[in-house]
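The chain contents come next:
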Amino acid sequence: MRLPHEWFPKTRELKRRVIYHTGPTNSGKTYSAVEDLIHAKSGVYCSPLRILAADIQETLEKRGVGCNLITGQEKILREDAAHTSCTVEITNFNEDYKVAVIDEIQMIGDELRGAAWTNALLGLHAETVHLCGDPRALALVERICHITGDIVTANKQWSLNLLCV
């Protein structure tokens, strides 16, 4: 129980690229990550909320990308879908993805739900993992990625409105 990264041996075989998108609210963090997801051969979006998972699923579908929706309340499976939008607690660790997006990564420190974000970060079997959130969790994510051997880079994003003030 003291080495949770060892719970996911298949994922540890990968040399994952982790991109931490940080910046203020409405600065384009999730947009940038979802753009990469849309262009990937396969992928998963892990959401903190059912409504946000449904919104991303709809966004992918409108862009011509077949996307499943799996939450605690809803399950929509498409025959042609290589992408899934889900709540973070429903994350499938047995699936292989090209791109994964974990939204609101700062929730990793939440007393009640943080384990779901920790498991998603440690267990998603994806070549590229996008983390979106405020900078609070960056140091923790960097420590975790050092232990797992994943390569992490921070991508600071600022909205044009903030730059013009």
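For the structure itself, consult the block above.
All values derive from a computational prediction rather than experimental measurement.

### A closer look at the layout of surface pockets
Here comes step 1: Put simply, the largest pocket is a space of about 330 Å³.
Here comes step 2: The wall of the largest pocket is formed by 18 residues, among which Thr25, Asn26, Lys29, Thr30 and Glu104 lie closest to the centre.
Here comes step 3: Listed by contribution, the elements that provide at least two residues to the lining of the largest pocket are helix 2 (29-39) and helix 3 (50-62).
Here comes step 4: Residues belonging to the lining of the largest pocket are distributed by class as follows: five nonpolar, eight polar and five charged.
Here comes step 5: When its volume is computed, the second largest pocket comes out at roughly 180 Å³.
Here comes step 6: Along its surface, the second largest pocket is lined by 14 residues, and Asn68, Thr84, Asn92, Glu95 and Tyr97 are the ones closest to its centre.
Here comes step 7: Of all elements in the fold, only strand 3 (67-70), strand 5 (83-87) and strand 6 (96-103) reach the threshold of two or more residues within the lining of the second largest pocket.
Here comes step 8: Sorting elements by how many residues they give to the lining of the second largest pocket places strand 5 first, with three residues.
Here comes step 9: Class assignment for the residues of the lining of the second largest pocket results in six nonpolar, six polar and two charged.

About the criteria used
- Sequence order as written defines residue numbering, which begins from 1 separately in each chain.
- Reporting of local features is limited, given that this is a predicted model, to residues whose pLDDT is at least 70; pairs of side-chain atoms are given and counted only at 80 or more, and all residues count toward the totals for whole chains, interfaces and linings.
- The basis for every side-chain value is the complete set of heavy atoms in the structure, and neither hydrogens nor water enter the calculation.
- Note on definitions: the grid is 1 Å and covers protein atoms alone; a cavity is a set of points where a 1.4 Å probe fits but cannot get out; a pocket is an open set with protein on both sides within 12 Å along at least five of seven lines; lining residues have an atom within 4 Å of a point.
- Grid points are joined across faces, edges and corners, and a volume is the space filled by probe spheres set on the points.
- Going along the chain from the N terminus, every DSSP run of H or I of four or more residues is numbered as a helix, and every run of E of two or more is numbered as a strand.
- Gly is put with the polar residues, along with every residue not named as nonpolar or charged; the nonpolar set is Ala, Val, Leu, Ile, Met, Phe, Trp, Tyr, Cys and Pro, and the charged set is Asp, Glu, Lys and Arg.

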